[in-house]
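# Structural description and commentary
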Amino acid sequence: MKRIILFVTVFLSFAAAAQDSTYARRIIRDLTSPEMFGRGMQHRGDSIAANYLRNELKANGVKPLTKDYYQYFRFPNTTTRPPIVKAGYRSQNVCGYIPGETDSMIVFTAHYEHLGMSGDTIFYGAHDNASGTAAVLDLARIVGSGQWVVDSTRGQVLPTTNYPLPTKYTYVFLFFGGEESGLIGSHYFADNPLINLNKVKLLVNIDLFCGGDEGLMVVNANTKETKPYVDLLTQINDEGHYAAKIGRRDNAANSDHYFFTRECPSVFIYTLGGPYGGYHSPEDTCDGCGLGNYMNFMTLLKTFLEHL
């Protein structure tokens, strides 16, 4: 009996660790701190944020796709849209991976940079997109630690480690710069990929991930390449009731998934409904970032991955 109780206690502790929103909240709070300057180009806030992400990936056992995790790119002339950035400004994508049993890849992406500052006013960017960045980092943490891996033959949760446990697929985690200026970082990566895009089974971009009282929306959900995945996600949600609904939209050039749709199945997921602090507003702060649905959404994504 004591062994059974111990097993249940250990199982629940691992399940709680894998699904708790505490880690995500900490990431969002750090990324929206004044020291990040809105993660824009003023005071090189984007580079400060990129270094923070690199350190998190290292801490979670995620390997670099380049020597220093960075893929550098330069901005074109962006005077036609805010935020205005001087042509030639150098920014970076942050890129890591967890090797699997095969070279078939599941890719998660999010843009980490935001609008930066206007004068002394900071645009903190909690919903857009510290929240999506936190979710992708959280997935890297969970996959890398093995906290959600269950040994079904022994009925035990495998112990956490300081290195990634083998997974069926190789997982890639990409954090893009330049999104607010016209999807510059993701466009550069798609044109200069650090991975074989033909080996990507599915790419999932997460942007705007606070709130979600009304469910989730999937963009580029209706092509022959992506519809089976969205059908599976919807089926899992119908059975588990994780989100109020799963909406579907045709493809649109509205986030970082877009340039990858020509090479591999790619979707963009965002939340429907609040609460969140605003959009492109100085009020989009960590305190306004509602994470009441976060654990359910992450459980939905993890269950989805287990079925692939």
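Because the structure is predicted, anything quoted here is derived from the model rather than measured. (Residues numbered from 1 in each chain as written. Predicted model: local features only at pLDDT ≥ 70, side-chain atom pairs only at ≥ 80, totals over all residues. Heavy atoms only, no water.)

### Looking at the pairing of strand E12 (residues 246-249)
Of the pairings in the sheet, the one linking strand E11 (residues 215-219) to E12 comprises 4 bridges and is parallel in character. Of the residues in E12, the one forming a bridge with Met217 is Gly247. After leaving E11, the chain enters helix H6 (residues 227-240) and then returns to the sheet as E12, a path that is right-handed. (Pairing = 2+ DSSP bridges. Helix = DSSP H or I, 4+ residues; strand = E, 2+ residues; numbered from the N terminus. Right-handed = clockwise from strand over helix to strand, strands pointing away.)

### Considering the pattern of salt bridges
Taken as a whole and judged by the stated rule, the model has 8 salt bridges. Taken together, the salt bridges that share partners define one network made up of Arg26, Asp30 and Glu56. (Salt bridge = Lys/Arg side-chain N within 4 Å of Asp/Glu carboxyl O.)

### Some points on the nonpolar core
Within soluble globular proteins, side chains that are nonpolar generally end up buried alongside one another. Counting residues in each nonpolar core, the largest one holds 63 residues, and the members touching the most others are Phe108 and Phe173. Filtering out sequence-adjacent residues up to four positions away, Phe108 remains in contact with Val136, Leu139, Tyr171, Val172, Phe173, Leu174, Val204, Ile206 and Leu305. In this structure, Phe189, Val200, Leu203 and Phe260 belong to the second largest nonpolar core, which totals 16 residues. (Core = buried A, V, L, I, M, F, W, Y, C linked by side-chain atoms within 4.5 Å. Buried < 20%, exposed > 50% of the residue type's maximum accessible area, 1.4 Å probe, protein only. Contact = heavy atoms within 4.5 Å.)

### Thoughts on the packing of aromatic side chains
Enumeration over the complete set of coordinates arrives at 13 aromatic pairs. Between the aromatic rings of Phe209 and Tyr294, the centroid separation amounts to 6.3 Å while the plane-to-plane angle is 85°, which identifies the pairing as edge-to-face. Here Phe209, found in the loop between strand E10 (200-206) and E11, pairs with Tyr294, found in helix H7 (residues 294-306); they are 85 residues apart in sequence, far enough to count as distant. Taking the relative accessible area as the measure of exposure, Tyr294 reaches 2% and is therefore buried. Ring geometry for Tyr258 versus Phe259: centroids 5.4 Å apart, planes at 75°, classification edge-to-face. In this structure an aromatic cluster arises from ring pairing among Phe73, Phe75, Tyr89 and Tyr188. Directly above the aromatic system of Tyr72 lies the positively charged group of Arg90, at a separation of 3.9 Å from the ring centroid. (Phe/Tyr/Trp six-rings, centres within 6.5 Å; stacked < 30°, edge-to-face > 60°. Lys NZ or Arg CZ within 6 Å of the ring centre and 35° of its normal.)

Function cannot be inferred from these measures alone, as they are strictly geometric.
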